[in-house]
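# Coordinate analysis (summary)
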Amino acid sequence: MSHQMLPVYGFVEGDALGVLLLIYSDDTIEKVIQNLQQAVKIRVPAQIGMSLFYEGKILDTQITVNQADVEPLCRLDLRHQK
Amino acid sequence: MLKREKWQHLLRKLNWTADQVEKNNLFPPAMSGESTVPTAAWQAWDEAYRINYHEYIQTQYKKVNSVNAVQEVLGQLKNIKKIDPTWLNGIKLYSAVFTLAEYAAVIGNLRAARFGQDSAWRNLSLFGALDELRHAQIPLKIMHDFIRWDPQFDWTHKFYHSNNWIAIAGRHFIDELLLLSDPIEFAIATNFVFETGFTNLQFVGLTAIAELVGDNLFAKMLQSIQTDEMRHAQIGPAVIEILIQHDKAKVQRLVDKWFWRSWQLFAIVTGLSIDYFTPVNKRQYSFKEFMQEWITDQFLNTLKQYQLEKPWYWDFFLQSIDHYHHMVAVSAYTYRASTWFNWHVPSPEDRQWYAKKYPNAWPGIDKIWQQIIHSWQETPPGVEWSVHGTTPIGFCNLCQLVLCHGTPAQNAAIVKKINDHNYIFCSEPCLKIYEAEPERYQDHKDVVHRILCGEAPGNVVALVENYFGLMASERGRDLHLGQYSWMEKRK
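Only a predicted model underlies this, so the values are computations on that prediction, with no experimental measurement involved.

### Concerning the overall build of chain A
- A count of helices and strands for chain A gives 1 helix and 5 strands.
- Across chain A, helices and strands are ordered from the amino to the carboxyl terminus as β-β-α-β-β-β.
- Taken along its principal axes, the extent of the C-alpha atoms in chain A is 35 × 25 × 20 Å.
- By the burial criterion, 54% of the 82 residues in chain A qualify as buried.
- Contacts spanning at least 24 positions in sequence make up 59% of the contacts within chain A whose residues lie at least 6 apart.
- Carbon and sulfur atoms form 50% of the exposed surface of chain A, whose accessible area is close to 3,900 Å².
- Chain A carries 7 positive and 10 negative side-chain charges, and their two centres are separated by 7 Å.

Okay, here's the thing in structure tokens:
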């Protein structure tokens, strides 16, 4: 499995800005969520029950970034399911 | 001796008929501005001040002397040290962003002084250039004396020579507004939108607050600058009155574009100065209230006067008056080492005031401040990096500012694929501005792209120190080192 670095923009519900997150193609979505929560924890406490959205769809936490077809410099949103 | 009114019109209206060169060589469209206005129509150009050089020098001489006299009395360190340090951070922000921007405005005015298509326009633009030179010199002179006490004041001059993220955004804006614009775009963007619309926030709103805070030197400086602005701002309406008869769509397009770009700059510089760097007991009106008076009421009336429409993004703009500068403030606090001025956590009184003035926006913003307070409660005082962001952040590919539009519940950033690459924009107006003139913007690298191509470090500490150029003594910090009387520390 490839191990390519991917820069993406991460937005967490409740936060005031978007951050630049460097993720890897073989990271699971669960790991991406953890990294994103860690990146914004100074402003937003980590919460359970949030999902990672990409182009309007929830990403399965068990699949990898590669499997999710996440593109470089795309927008990922961590938020509660509406 | 002839009376003024007998010769004044001859002095202002010295348009000559070119018989040795083509009109397009004398006023190349690339330099004078593309328009469908016939040459003869520009000769109706007029404004109310009709000043001449002799009068200009006499008036400016008095103004300069007046500022110098005030500086002599109030500009000493002992006086500045008496002013609330919270307020001084607004002065550091203002001085850095506006001082050398005024200097760049000399170029924009001089271009109009050569390539404006009527002599009265050229004449007033020359005075505008001289004005802007003075507007750069006054704060440089005043702030210079404070550097030996506080090196952050050095950023009055240093700012635009740095790769600080706010400077990158500032240059992107200033280069286009003041250095790149032809005289028509300059007149609408700078003289009309920026100076007629937004500078009232600075020169009326901020001046009044400066007096309340006891910073009479800053108030005097702004007042002195304002009298010049009022005069040369007249270039804008005078250009619009002619252009609108021939190309109303162009006027509307330029107003829409520059209103948005100017709004973002003022939201950050003036919005933060009024709502965050003015001590709560001196705040009479919120930034939003100033915006409602000067922009949503007065400037909108001016647009109606010319039968221009509100900018197409008006509803989004109204929402951003509530949220944007608060989103920027709380974000920037968590990246304060990347600025050249200090920040503070809003006190319970501050937060009560914000809740009253911004009932829609504040609950979401306050939750973020609560989390920051929580972090400080668990951190020993002065350990700045424990309560500081360490992940690089995103920047808009148009305005180069942080991605802070929308609300905490729904950030307004948009990713758009252009030529097979993803670009991010903080808001729809920024995306549309980019799409309207991609050739103007596509080669500019934002901070993220500079990091990704190895020009800038990805590590935030190295980025602040080595790329943004902030030495330890200049870096923004918490004004109280995280030690607030109202904040209970956890053991």
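### Structural notes on the environment of G14 of chain A
- Structurally, G14 of chain A can be placed in the loop between strand 1 (5-12) and strand 2 (19-24).
- Residue classification places G14 of chain A among the partly exposed positions, given a relative accessible area of 26%.
- In this structure, the C-alpha to C-alpha distance between G14 of chain A and V44 of chain A, residues 30 residues apart in sequence, is 6.5 Å.
- The residues contacting G14 of chain A, other than those within four sequence positions of it, are V44 of chain A together with I368, P408 and A409 of chain B.

### Things to note about empty space enclosed by the protein
Residue and element names in this part refer to chain B.
- On inspection of all chains with the given rule, the structure shows 7 cavities of 30 Å³ or more.
- There is about 170 Å³ of room inside the largest cavity.
- Every residue lining the largest cavity is counted, 19 residues in all, and those nearest its centre are F98, A101, E102, F194 and E229.
- Listing elements by their share of the lining of the largest cavity, those giving two or more residues are helix 6 (85-115), helix 9 (165-180) and helix 10 (183-213).
- Taken together, the residues of the lining of the largest cavity sort by class into 12 nonpolar, 3 polar and 4 charged.
- Around the second largest cavity, the lining is made up of 13 residues, and of these A169, G170, Q264, L265 and L401 lie nearest the centre.
- Going through the elements one at a time, helix 9 and helix 13 (248-275) are the ones with two or more residues in the lining of the second largest cavity.
- Ranked by the residues each element gives to the lining of the second largest cavity, the list is headed by helix 13, at 5 residues.
- Here the residues of the lining of the second largest cavity are counted per class, giving 10 nonpolar, 2 polar and 1 charged.

### A closer look at the confidence of the model for chain A
- Taken over all residues, the pLDDT of chain A has a mean of 95, while the share at 70 or more is 99%.
- Of all helices and strands in chain A, the one with the weakest mean pLDDT is strand 4 (residues 57-58) of chain A (96), whereas helix 1 (residues 29-40) of chain A scores best (98).

### Some words on the packing of helix 4 (residues 53-74) of chain B against helix 11 (residues 216-232) of chain B
All names here are of chain B.
- Interhelical geometry of helix 4 versus helix 11 gives an angle of 170 degrees and a closest axis separation of 9 Å. By the angle between their axes, helix 4 is roughly antiparallel relative to helix 11. Contact with helix 4, carried on its side by Y56, Q60, K63, S66, V67, V70, Q71 and L74, involves N216, L217, K220, S224, T227, D228 and R231 of helix 11 and no other residues of that element.
- The residue inventory of the contact of helix 4 with helix 11, partitioned by class, reads 5 nonpolar, 6 polar and 4 charged.

### So, unusual backbone geometry
- Look at L73 of chain A: it is not a glycine, yet its phi comes out positive at around 60 degrees.
- Its location among the elements puts L73 of chain A in the loop between strand 4 and strand 5 (75-80).
- Of note in this structure, N419 of chain B is not a glycine but carries a positive phi near 50 degrees.
- Given the relative accessible area of 65%, N419 of chain B is considered exposed.

### Notes on the sheet that holds strand 4 of chain A
Residues and elements named next belong to chain A.
- Across the sheet, 5 strands lie side by side as 2-1-5-3-4; this open sheet has mixed pairing. Each edge of the open sheet carries a strand with a single partner, namely strand 2 and strand 4.
- Judged from the 4 bridges that link them, strand 1 and strand 5 form a sheet pairing that is parallel. Among the inter-strand pairings, F11 is bridged to a residue of strand 5, identified as D77.

### Some points on the packing of aromatic side chains
All names here are of chain B.
- In the structure shown here, the tally under the stated rule is 44 aromatic pairs over all chains.
- Between Y94 and F98 the ring centres are 5.1 Å apart and the planes differ by 40 degrees, which places this aromatic pair in the tilted class. One end of the pair is Y94 and the other is F98, both in helix 6 and 4 residues apart, which spans about a single turn. No difference in accessibility class separates Y94 from F98, as the two residues are buried.
- Geometrically, the ring pair formed by F198 and F259 is tilted, given 5.1 Å between the ring centres and 50 degrees between the ring planes. Of this pair, F198 sits in helix 10 while F259 sits in helix 13, and the two are 61 residues apart along the sequence.

### Considering the interface of chain B and chain A
- In this assembly, 34 residues from chain B lie in contact with 25 residues from chain A.
- In total, about 2,300 Å² of surface goes out of reach between chain B and chain A, with carbon and sulfur atoms giving 60% of it.
- Applying the counting rule to chain B against chain A returns 1 salt bridge.
- With its nearest N and O atoms 2.7 Å apart, the salt bridge here joins K417 of chain B to E71 of chain A.
- Linking chain B with chain A are 11 residue pairs in polar contact (both at pLDDT 80 or more), by the criterion used here.
- Sorting the residues of the side of chain B that touches chain A by element identifies helix 15 (314-333), helix 17 (362-377), strand 1 (414-418), strand 2 (421-425) and helix 20 (447-452) of chain B as the ones contributing at least two each.
- No other element matches the 5 residues that helix 17 of chain B contributes to the side of chain B that touches chain A.
- Residue composition of the side of chain B that touches chain A, by class: 18 nonpolar, 13 polar and 3 charged.

### A short note on the layout of surface pockets
- Roughly 430 Å³ of internal volume is contained in the largest pocket.
- What lines the largest pocket is a set of 22 residues, among which Q38, A39 and K41 of chain A together with T390 and T391 of chain B lie closest to the centre.
- Looking at side-chain class alone, the lining of the largest pocket contains 8 nonpolar, 12 polar and 2 charged residues.
- Here the second largest pocket defines a volume of roughly 330 Å³.

About the thresholds
Residues numbered from 1 in each chain as written. Chains lettered and ligands numbered in written order. Predicted model: local features only at pLDDT ≥ 70, side-chain atom pairs only at ≥ 80, totals over all residues. Heavy atoms only, no water. Helix = DSSP H or I, 4+ residues; strand = E, 2+ residues; numbered from the N terminus. Buried < 20%, exposed > 50% of the residue type's maximum accessible area, 1.4 Å probe, protein only. Contact = heavy atoms within 4.5 Å. Areas by Shrake-Rupley, 256 points an atom, 1.4 Å probe, with all protein chains shown as cover. Lys, Arg positive; Asp, Glu negative; His and termini not counted. Charge placed at Lys NZ, Arg CZ, Asp CG, Glu CD. 1 Å grid on protein atoms, 1.4 Å probe; cavity = no way out; pocket = protein on both sides within 12 Å on 5 of 7 lines; lining within 4 Å. Points joined across faces, edges and corners; volume = space filled by probe spheres on them. Nonpolar A, V, L, I, M, F, W, Y, C, P; charged D, E, K, R; others polar. pLDDT = per-residue confidence, 0-100. Axes fitted to C-alpha atoms, helices over the stretch in contact; angles between N-to-C directions. Parallel < 35°, antiparallel > 145°, perpendicular 65-115°, else oblique. Pairing = 2+ DSSP bridges. Phe/Tyr/Trp six-rings, centres within 6.5 Å; stacked < 30°, edge-to-face > 60°. Buried area = accessible area lost by both parts, 1.4 Å probe. Salt bridge = Lys/Arg side-chain N within 4 Å of Asp/Glu carboxyl O. Polar contact = N/O pair within 3.5 Å; in protein donor to acceptor, adjacent residues only side chain to side chain.

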